[in-house]
Amino acid sequence: MRVPLSWLREYVDLPEDIEELAERLTLAGLEVAKIEYLGLAARAREGGHEEGGRATLDWEGIYIGEVLEVKPHPNADKLVIAVVDYGRGPRESVTGAPNIRVGDHGQKVAVAEPGARIIDAYGPEPKPVKVKAAAIRGVRSEVVLCSEKELGLSDDHSGVLILEQDLKVGTPLSELLQDVVLELDLTPNLARCFPIIGVAREVAALTGQRFKTPEVEWHPTGPGISGQVEVEIWDPDLCARYTAALVRGVKVGPSPFWMRRRLTLAGMRPINNIVDITNYVMLEWGQPLHAFDYRRLHSPDGPGKRIIVRRARPGERIVTLDGVERALTEEMLLIADPEGPIALAGVMGGLETEVTASTADVLIESASFSSTNNRRTAQALRLMSEAAARFGRGVPPELAPLALKRAAQLMRELAGGEIASGIVDVYPVKQKEVELELDPREVERLLGLAVPRDEIIALLERLEFACHPQGEAIRVKVPWHRLDVSCPADLVEEVARLIGYDKIPATLMAEPLPPQHRDRTLELEEQVREILVSCGLSEVITYSLTSPEAGAKLDPNSSPEDYLHIANPLSRERSVLRRLLLPGLLETVAENLKHRERVAIFELGRVYLPAGKGQRPREPRRLGIALAGPRERLSWHVKPRAMSFFDLKGIIEELLRGLGLEGRFERPSRPHPSFHPGRTAKLLIGGEEVGLLGELHPRVKEAFELELEWPVLAAELDLEAILALARATPVGRYRPLPQFPAVLRDLAIVVDEAIPAERVAQAIKAAGGELLRELVLFDLYQGPPIPKGKKSLAFRLRLQAEDRTLTDEEADRLRLQIEARLAEELGAELRK
Amino acid sequence: MVQIEELEQQVKALAEEGRERLEQAGSLEECEAVRVALLGRKGKITELFQLLPQLPPEARPEAGKLINTLKDQFQEALEQRLAALKAETIERRLQEEAVDVTLPGRPVALGRLHPSTQVLREIYRIFSGMGFQVFESPEIETDEHNFQLLNIPPDHPARDMWSTFYLVEPGLLLRTHTSPGQIHVMRKFAPEPIRAILPGKCYRYEQVTARSEMMFHQVEGLAIGRKITMADLKGVLTEFAHQMFGEGRRFRFRASYFPFTEPSLEMDMDCILCGGRGCRVCKHTGWVEILGAGMVHPQVLRNGGYDPQEFTGFAFGMGPERILMLKYNIDDIRLFFANDLRFLEQFSGGPR
């Protein structure tokens, strides 16, 4: 909302310091986003408020002048010489403006002296230029008669700006034009401050000034309205009140300068006096109005016109003011005459009954429509008009006749019409009077600040709430213009706003600490992050929204039907909720590989899976890991080496250790399409499968444009299940430190290459029993002299007893037992 | 018969010889050769002892003493020489082992937490100090939880405050704020008092630009009890903001509007960039908004299972990415989910 202070001053006296006023308004909830100083450049704050382009003129050296006479130009037919006086004696100006003609005199115009800055009306963009006296076709032009464009007021350069007659010659133009405009950012509950009068009420209450209640003057002199206009409301659930007035014999033309100026400052474009008046009253009072061309309403049953407020009929259409034909639904409210729709109620008028240059009689509508229905209609038609913006947030029915009379009166004054006596007022659903009871203790209970009853009353009365003490409490009558107040808490907020939030103390809660409930899952989740970061992985967070195509890159068998779809996606790339973390992670890897060699990342987040009908979708937690590039960052210490499956596995083993879990890694029974068939494992914990890890299939690498020779490793784990298992794992017992020394034995064997290393290890452990405290595989070798199809495995065994020092003989005996077991079970031979 | 004087001569000469030869020995091996030459089985000092029987008996004790002294002195000199040589050897080795200390160290591969995670942890830490605990609630919400139970009926004008992604399944949407978590946590714990922090991802139907994201994190705070006031809300938020943004910053509270709180407020901080003088970041107001808050609306308390006559509460909501943008002067919100490691790795973690 743009609020010109010159307009606001009509309803409340303003303090000197506008910055301070703006701050007071902001703190009270009317956020002042910007202060625009017009013609007051000196007062604008440094770095300030002149970005609007038009505000850059200060109008210095421009005065109000009077045209004394207009003479023909001796050397040009299209030019004239205007003699003007602006308080310094007659001066001559050569002009081609079509509205200054030979023989004219007496117009009040804006005269720019040499040296004054005006906007260059002919330049490619509107830049300020300095006025210079110059000869035009042989006649010296001493001053410039300015157009609105040259004054920076609008884009209008169709003629010289003609000002009101009663202005005094010689007055600096800046005195007329200088203004301050507050730009307010209003929250939806502040619809009451859309109009100037609403802002004035707030300013009055906040500064302690008197709100100058507007008196609506109204001079109906024409014949009575009854018989000329009748109104029927067929759907009172959508239209609580409809008032109408008739002004006959108007002359449609431009509005006076002051009105155009105010509309422009408030952000609206002037059209003609009738339409401008409806907009002006809307900006001032908050009541959207509509003006119909009375004569163009159909009246098949007699001279009187009949307005019907009703829902649209199936298939009904209307061409709105913007020239668009709109198909209506039965939920939309119409203003109709007996032949059909003439306006989309509270949204936009119809083209057929629009006020035009030839309109003589105007029917003014001032009504109250259902905000809900109005919003639905405006949204369905994607038609956000000024009227709909207001009706959609609520307009009080009590306002309708006030604005109606104000508009009619202005039309009489500015368009020369005669107002028919009386108004039509159909008011089927009366505005509810809201009365509340407020206990001062409630104010203290909510604010933590005791406010005496009489002070509460004084504050609320400043906002026009009628207060009556009733025992300890206060009976509060909510004024009709406050649709936003419906419960005592709302009144407490009003009290707090007027006192100022800064006056409320800041305390720490006196309330005892409520019972504390731990969330182990969240704690473990943080622990997972710690472990992975210490394993060298960086955390990323990717979009939850993705596309089925991204998922299909990993698994060509996946189907779009598996996903939860967004009904109103912003783009195809973000049209479904992810089922996997890996697509987002791999996209991230690809992006980062554009500027670095090595990427090691993880993401811990949710995936979104459809559940059965009537059930909420599931959002299980997942963990994704992706590794690409060399194992170490490039340095002089090591030669670059590729990361392998075992780098990834090592991280996952470390993660499981950190969570106190034991996992098993198994070759999947069927190859998974995302992974290298020979370098994939499923992770099992306690028999439960909780994820997959492996080297990406070359096809997947290509699909994600991971253009590097080295393998890309990836894992997607069901963190929800893993954390549940970790939660269920009891705290491990401490194990006493060994009292007796250990004996080390190395064991190198040769087995068939198909035998998994883990089977060999299990056999060693089984044979080693309790004395085998630690087993480490430290060498794996294939190649000569080991026969083809065989592999050599070397283990280090740490043997230790809890109750004695193990002798060499015992250790050797145990090793022999292990060797025998390996030979028997796996056909292993000792490596010589 | 050998005379004692003759022996004395020989001892003196040998003492001289030992000293000289040790001095000339430049290595452990040479020292050993000197030792063998003097003290070995056929060494010159060893051989002196064989002279003893040839001395007059009365001179023998003194002669023995002389030779022993010679032997002890030589041994001492030998040890000193050995120690000196050892020290020299070590010194030489150390000099040979010198490295170019300006060579880069071996890279340690530690990862980094996402900056949003880092600031979330900071938020948890500050509020856990005031008794708040973390709870989670779903990201896919019902219209009822995201709006209606928060006092935002269908077609309410306030719905314009949240542009919403809807799911194809009717009634479901992506939560636009963490506030529906208030309802979940209230319904779980009513009528117990509550102090909860509700973090998570939120979504808005908005074109992604430097200033607006379709996905972001939010942290909701909720305190419900029998004596919770707006003064408490101000106190808790001020404490939080001082810890998060540092002492010495200025804050202000201004009236605002959220359908689920009454009274409502927003909290501003003096602009970090310009120190409150006015700049582009603070739109020349000198203030930047850091969070929204208010006293829980009585209808929302009822919807959560609390009697508003008995209980009051406050709620607040803030954006971790916004906090980061203010703290680090980041001018493009898209950086957070673009996941360029060159950006992410700039946040080394830890409170500051």
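The structure under discussion appears in the preceding block.
Cut-offs used in this document
- Residues numbered from 1 in each chain as written.
- Chains lettered and ligands numbered in written order.
- Predicted model: local features only at pLDDT ≥ 70, side-chain atom pairs only at ≥ 80, totals over all residues.
- Heavy atoms only, no water.
- Phe/Tyr/Trp six-rings, centres within 6.5 Å; stacked < 30°, edge-to-face > 60°.
- Helix = DSSP H or I, 4+ residues; strand = E, 2+ residues; numbered from the N terminus.
- Buried < 20%, exposed > 50% of the residue type's maximum accessible area, 1.4 Å probe, protein only.
- Contact = heavy atoms within 4.5 Å.
- Buried area = accessible area lost by both parts, 1.4 Å probe.
- Salt bridge = Lys/Arg side-chain N within 4 Å of Asp/Glu carboxyl O.
- Polar contact = N/O pair within 3.5 Å; in protein donor to acceptor, adjacent residues only side chain to side chain.
- Nonpolar A, V, L, I, M, F, W, Y, C, P; charged D, E, K, R; others polar.
- Axes fitted to C-alpha atoms, helices over the stretch in contact; angles between N-to-C directions.
- Parallel < 35°, antiparallel > 145°, perpendicular 65-115°, else oblique.
- Left-handed = near helix turned anticlockwise from the far one by under 90°.

## Re the packing of aromatic side chains
How two aromatic rings sit relative to each other is set out by the distance from centre to centre and by the angle between their planes.
All names here are of chain B.
Phase 1: Counted by the stated rule, this structure contains 20 aromatic pairs over all chains.
Phase 2: Look at F165 and Y205: their rings are 5.6 Å apart centre to centre, the planes differ by 90 degrees, and that puts the pair in the edge-to-face class. Placement of the pair is F165 in the loop between α6 (143-146) and β3 (172-174) and Y205 in the loop between β4 (194-203) and β5 (215-225), with a sequence separation of 40 residues.
Phase 3: For the ring pair Y306 and F311, a centre distance of 5.0 Å and an interplane angle of 80 degrees mean the geometry is edge-to-face.
Phase 4: Its relative accessible area of 2% is what places Y306 among the buried residues.
Phase 5: Three or more aromatic residues joined by ring pairs form one cluster here, namely F127, F132, F240, F314 and F316.

## Points about the environment of L737 of chain A
Phase 1: The topology assignment puts L737 of chain A in the loop between α18 (719-728) and β39 (743-752).
Phase 2: Through-space distance from the C-alpha of L737 of chain A to that of E802 of chain A is 9.2 Å; in sequence the pair is 65 residues apart.

## Some words on unusual backbone geometry
Phase 1: With an omega of 5 degrees, the peptide bond running from P784 of chain A to P785 of chain A counts as cis.
Phase 2: Here P785 of chain A shows up in the loop between β40 (772-781) and β41 (790-799).
Phase 3: A190 of chain B connects to P191 of chain B through a cis peptide bond whose omega is 0 degrees.
Phase 4: Tracing the chain through its elements places P191 of chain B in the loop between α7 (180-189) and β4.
Phase 5: Even without glycine at this site, R382 of chain A takes up a positive phi of about 50 degrees.
Phase 6: Turning to its location among the elements, R382 of chain A is positioned in the loop between α7 (371-380) and α8 (386-391).

## What about the interface of chain B and chain A?
Phase 1: Listed as interface residues are 102 residues of chain B and, on the opposing side, 95 residues of chain A.
Phase 2: When the two sides are added together, the surface that chain B and chain A hide from each other amounts to roughly 8,300 Å², 56% of it contributed by carbon and sulfur.
Phase 3: Seen at the junction of chain B and chain A, the total is 12 salt bridges.
Phase 4: Between R606 of chain A and E136 of chain B there is a salt bridge; the shortest N-O distance is 3.2 Å.
Phase 5: The interface formed by chain B and chain A includes 57 residue pairs in polar contact (both at pLDDT 80 or more).
Phase 6: Within the side of chain B that touches chain A, the residues separate by chemical class into 50 nonpolar, 26 polar and 26 charged.

## Re the packing of helix α13 (residues 520-534) of chain A against helix α16 (residues 645-658) of chain A
Residue and element names in this part refer to chain A.
Phase 1: Look at α13 against α16: their axes get within 10 Å of each other, and the N-to-C directions meet at 140 degrees. When the axis of α13 is compared with that of α16, the two are oblique. The two elements α13 and α16 cross, and the hand of that crossing is right-handed. The residues of α16 that touch α13, namely those facing Q527, V528, I531 and L532, are I651, E654, L655 and G658.

Functional significance is not addressed by these values, which are geometric in nature.
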